[in-house]
Amino acid sequence: MSARKEMTMKKHNLRRRDLLAGLGLGGVFLAPFARSVKAWAAAPKGKFIFMHTPNGMARSLFGSDGDGAAFKFRNGCMGLEPIREQTTTIRGLTNKSQLPKPFHDQITRLLTCVRGNSIPVAAGPSIDQVIAKTEKKQALNLKVYRSFYRNVGTYEDLSWSDKGVKSMSINDPREAYKLAFGDFMPGGGAEVDNLIDQKRSMLDFLTGEITTFRNRLTGDDRNRLDAHLNSVRSLEMRLGALSPMDATVASAGGMSTLLADAKKAGMTAPPRDGGPGAYDLKAFSDHGDVQMDILTAAIATGARNAGTLMWQGAASGANPLGGQGQADDHHWVSHGDAPFQVWSNIDKYYSGKLNRMAQKLKDAGVLDRTVIVWGSEISEQHSHDNHSFVTVGGKALGMQTMKTFSFNGASLSDLWVSVQNACGIPSPKFGENSNGGIPGLWKPA
Amino acid sequence: MKLVVFGWLSAFLSLSLACTGETASGPGAGPDGDEPGKDGNADGPASTCRVKDEVLVPARVYRLSAQQWVNTVEAATGHRPDPSRLPEDGAETTGYSIFDNVAAALVVQERHVSAYHELALEAAERLVASREKGADCIVSQKPGKDCVDGFLGDVGKKFFRRPLGDDERARFAGYFGVNAQKWGGKTAARLTAAVMMQAPQFIFRTELGDGSVSEGRIRMTDHEVASALSYGLTDRPPDELLLEAASAGKLGDRGELRAQARRLLDGKDGRTKLADFFQQLVGVKDIATVARDKAVFPDFVEGITKSMADETSTFVQKVLFDAEGSLTDLFTADYSFVDAKLAKIYGVTGNGFEKVSLPPERMGLLSQPGVLASSSHPAMTSPAMRGVRTMQKFLCMAIPTPPAGAADQASGKIFSNDPKATQREHWDFARANKEASGCVACHAAFWSYGLGFEQFDPIGRHRPTEFGKTIDTSVVLEAGTSADGEYPNTMAMVAKILETREGRECFTMQIGSYVAGREIDPTDGACEVEYLANKLQDSGYRVQDLLLDIVQLDSFRDRWVKP
């Protein structure tokens, strides 16, 4: 590695060795981290990550009490203790539904706060994509478990790049990595320069062809071509961010290492959650760690400025603490098939994972400029009232921390207003029912 | 004990399936009903349905499925990309028609663009290498204009399934020229071929016509018809013969269209594609994701899911093509084609997908292990899943998203706490439980159909008893259909449904949706559905004949445009 790159990492307090150790993926992250300083200097706006876990939270044991020195976590958030200075909890938000009665399929509304006439379709872009667009990027949407709870495909994704255009969550780490950091090319020097140049020429030309083609279309077809066009532009941007030297470095460890390690870890095709006994706890945890690391690396390096991580689809049942029967299935546990404490302990497990993700960003020196939000598609027992959320990070953006917010029906869309404000989008509106943001959650930095 | 499917189901079934009363202008009517069409050598009269706007679907574009994209690259370059490197296609589980080629679910996302980019470059490399081997002028340092035109004309037609338009040709020639100047002809050819494989003209199949509109309607071009036909029947791009027919303007002739369709259907790809339809119809397509605890199910050995999928595909092809059998045969056959792994599950002797006679408890497709395993939980059967599948696939019922609170009521209320309760006993428990009434209202239909498969365990083995208790598989269909009545099991019920008007029309909608890549509207398309279903009956339930009838409809090639 060149001296320039060593300096880059040192300056940003980037503990690459730690991150690589966590990943177990060898030299595969060399290139993206090496780019971090350029990307960061060019991207002063806030970054955003949403972490989704299914089935709501055990509310009475979730969140925190008090502010400042009196700020204290309840059981479900105890895993966040190491980063308590970066954390705030919010309870009592409402995700107002068009449905007469709410249900898990409200996940289409979770990050959009607007729904279409068709039940499985959202009618607006989600907050992650809105923030991504501030840098003309697309959000990186990852998933740990491809769960297909009761085979309802609608439950499997939560990000919408536009009205009716869903962004599917990726559960294969190989694909996630490639989307975040590109497909590195063999060779080096002038050869790599040429290849990058040639790829750019193709993508430039393609945007013209897509635009011409799009102009013949109407309605939904136009939306589809817009999504296509945005995807090509995103690939173009990734290519633009990849300097020839980065590509050379990457090719040394590169994708082959990732593929081999992911395969060795059994991560190439995570099983579906077909019911009790169908999943492996260690694989679940390991796979989650890898996906988190890819997402945080993408954010830290500036390859992406927004993303989501779904641990499982809405209503899914895999219980990260184990169990074989219905009483241990996360979904059924949330419906009272096990003592309430069991459910809360699942929340606690995920709070530990969130802590891990935040620590990665902290180590990379970007947590203060990144807002992480943790939430679920429902609050408790299918209710869309009294939602609980956790925010972590974003202090340099003006996010207030070590606070406990309790509301009685404030709109979820106001949380996204506060988040978008923190990330550099000044609008007081987001989706439906917004009213200027959550009072006191964000203050201009 | 008998279960009755509740009468409310008849509401789902009461589709408006009668003709609209519009007068028709006879066989081969044009889109307005006032122009005689060309019948050529078409078998029998064409649809007498007047083609109204509401019968037609809007002009639009369809993204190629992963399979179709790979096949098209292979046909054009001779190199077959690995399909597993493309994102998996999938459909939302709403509506009655759930196939992986439904256009509404096929969009181009970032992951697609990334995969197309990579695979296209690899395929282009191979294409140019083969050109270089043949000393093609295009790989020279400075290819001449004629050479470039020839190259673009040749590969453009293969990639876009039609001749390039003048503007298009000029744009690609410009792209080639810029790159040739910089890198030479060989690299320019590689980049141009790669960019073509990523272009929307490649990725999307169009149904837009030539731009002319008559009374709000457009007619697809012959090349668009060729693509619709070829992808619809084989998942592959039009071959040389079909492209020639399109270029010669022959595909407006119903006889030519029928002959081309017949040719495609009888080929290897046509057989495979039809088998793929049935694999998806009965739920075997995704069997690879099914897992079982080997300690509980030792017969569920490594590779058996592939055997299960292969059994269904082999069975469909042998019955429909080799034995010239019918739809009825598929659902009533007392034989199948099994390998050694499946033979253990069946309790028969078999190897290498030989034809074997099945024990009397088996009956056609629905008793195949793959069908039964793919609709079960890992450790137990799922009458709900098996029942839902029956309703969607054979009665064309759209299963709504579970209502609010459904899961609340199901928890601990449908399933009794008796660990040795049979599924029917669980269901009896649920029906007797007033707190589960919300579940029972919908699940009554799911379970009643599903319990009719209970003689088969989660891997499709026959089991006459469960926990020492005799399994009752009887079912009563009482849904306002002509198939209403009592049946010994759901397989027999479905076989009977397929003999009825409702069953024929549902099957017609399913296969029509699969071929068209969009769900057929049961109301707007009612007249044509009825017409086709009658033809199916007249043909002795010949599935291939039904496909030939579908592609001859005016609605196969006419579209409307918004004012």
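The structure contained in this document is the topic of the report that follows. (Residues numbered from 1 in each chain as written. Chains lettered and ligands numbered in written order. Predicted model: local features only at pLDDT ≥ 70, side-chain atom pairs only at ≥ 80, totals over all residues. Heavy atoms only, no water.)

## A few points about the overall build of chain A
Here's step 1: In terms of helices and strands, chain A carries 14 helices and 11 strands.
Here's step 2: Classification of the 445 residues of chain A by burial places 63% in the buried group.
Here's step 3: Contacts in chain A between residues at least 24 apart in sequence constitute 74% of all its contacts with a sequence separation of at least 6. (Helix = DSSP H or I, 4+ residues; strand = E, 2+ residues; numbered from the N terminus. Buried < 20%, exposed > 50% of the residue type's maximum accessible area, 1.4 Å probe, protein only. Contact = heavy atoms within 4.5 Å.)

## Looking at the overall build of chain B
Here's step 1: Each helix and strand counted, chain B has 23 helices and 11 strands in total.
Here's step 2: As displayed, chain B offers around 21,200 Å² of accessible surface, 52% of which is attributable to carbon and sulfur atoms. (Areas by Shrake-Rupley, 256 points an atom, 1.4 Å probe, with all protein chains shown as cover.)

## What to know about the packing of helix α11 (residues 268-281) of chain B against helix α12 (residues 304-322) of chain B
All names here are of chain B.
Here's step 1: Viewed as axis vectors pointing N to C, α11 and α12 meet at an angle of 120°, and their least axial separation amounts to 9 Å. One finds that α11 runs oblique with respect to α12. Judged by the twist between their axes, the crossing of α11 over α12 is right-handed. For the pair α11 and α12, the contacting residues are Gly-270, Arg-271, Thr-272, Leu-274, Ala-275, Phe-278 and Gln-279 in the first and Ala-309, Thr-312, Ser-313, Val-316, Gln-317, Leu-320, Phe-321 and Asp-322 in the second.
Here's step 2: Broken down by class, the residue content of the contact of α11 with α12 amounts to 7 nonpolar, 6 polar and 2 charged. (Axes fitted to C-alpha atoms, helices over the stretch in contact; angles between N-to-C directions. Parallel < 35°, antiparallel > 145°, perpendicular 65-115°, else oblique. Left-handed = near helix turned anticlockwise from the far one by under 90°. Nonpolar A, V, L, I, M, F, W, Y, C, P; charged D, E, K, R; others polar.)

## Describing the sheet that holds strand β9 (residues 370-375) of chain A
Residues and elements named next belong to chain A.
Here's step 1: The sheet built from 7 strands is open, its strands ordered β5-β8-β1-β9-β10-β4-β11 with mixed pairing. In this open sheet, the two edge strands, each paired with only one partner strand, are β5 (140-143) and β11 (403-411). Taking each pair of neighbouring strands and ignoring which way they run, the sheet shows an average axis angle of 20°.
Here's step 2: Bridge count for strand β4 (residues 87-94) against strand β10 (residues 387-393) is 6 bridges, and the pairing is antiparallel. The residue bridging Leu-93 from the neighbouring strand is His-387, located in β10.
Here's step 3: Where helix α13 (residues 340-363) meets the sheet, its contacts fall on β1 (47-52), β9 and β10, and the angle it forms with β9 comes to roughly 170°. (Pairing = 2+ DSSP bridges.)

## Here we look at helix α6 (residues 185-198) of chain B
Here's step 1: In this model, α6(B) (14 residues) spans 20 Å end to end at C-alpha, consistent with the 20 Å of a helix rising 1.5 Å per residue.
Here's step 2: Counting buried positions over the 14 residues of α6(B) gives 13, a clear majority of the element. (Expected span 1.5 Å × (residues − 1).)

## So, the nonpolar core
Note on soluble globular proteins: their nonpolar side chains tend to be buried together.
Here's step 1: By size, the foremost hydrophobic cluster in this structure holds 76 residues, and its most contacted members are B:Phe278, B:Leu327, B:Leu330, B:Phe331 and B:Phe507.
Here's step 2: Top contributing element to this core by residue count: α12(B), with 8 residues.
Here's step 3: Not counting residues within four places of it along the chain, the set of residues in contact with B:Phe278 comprises B:Val316, B:Leu320, B:Leu327, B:Leu330, B:Phe331, B:Leu365, B:Phe507 and B:Val543.
Here's step 4: Of all hydrophobic cores here, the second largest spans 58 residues; its members include A:Val232, B:Leu64, B:Ala76 and B:Leu191. (Core = buried A, V, L, I, M, F, W, Y, C linked by side-chain atoms within 4.5 Å.)

## Examining the packing of helix α5 (residues 166-183) of chain B against α6(B)
Residues and elements named next belong to chain B.
Here's step 1: For the pair α5 and α6, the least separation of the axes is 7 Å and the interaxial angle reads 145°. Viewed along their axes, α5 and α6 form a crossing whose handedness is right-handed. Across from Phe-172, Tyr-175, Phe-176, Asn-179, Ala-180 and Trp-183 in α5, the residues of α6 making contact are Gly-185, Thr-187, Ala-188, Ala-189, Leu-191, Thr-192, Val-195 and Met-196.
Here's step 2: Residue composition of the contact of α5 with α6, grouped by class: 10 nonpolar, 4 polar and no charged.

## Here's the deal with the packing of aromatic side chains
Here's step 1: Applying the stated rule across the entire model yields 27 aromatic pairs over all chains.
Here's step 2: Both rings, one in A:Phe50 and one in A:Trp416, keep their centres 5.8 Å apart while their planes meet at 75°; by these two values the pair is edge-to-face. Linking A:Phe50 in strand β1 with A:Trp416 in helix α14 (residues 412-422), this pair joins segments that are 366 residues apart in sequence.
Here's step 3: Given a relative accessible area of 0%, A:Phe50 falls into the buried group.
Here's step 4: Ring centres of B:Phe277 and B:Phe507 lie 5.8 Å apart, and the angle between their planes is 75°; this geometry places the pair in the edge-to-face category. Of this pair, B:Phe277 sits in helix α11 while B:Phe507 sits in helix α21 (residues 501-516), and the two are 230 residues apart along the sequence.
Here's step 5: One aromatic cluster is present, formed by B:Phe99, B:Phe277, B:Phe278, B:Phe507 and B:Tyr514 through successive ring pairs.
Here's step 6: Just above the ring of B:Tyr62 sits the side chain of B:Arg60; from NZ or CZ to the centre is 5.2 Å.
Here's step 7: Stacked on the ring of B:Phe300, the Lys or Arg B:Arg292 has its end atom at 5.8 Å from the ring centre. (Phe/Tyr/Trp six-rings, centres within 6.5 Å; stacked < 30°, edge-to-face > 60°. Lys NZ or Arg CZ within 6 Å of the ring centre and 35° of its normal.)

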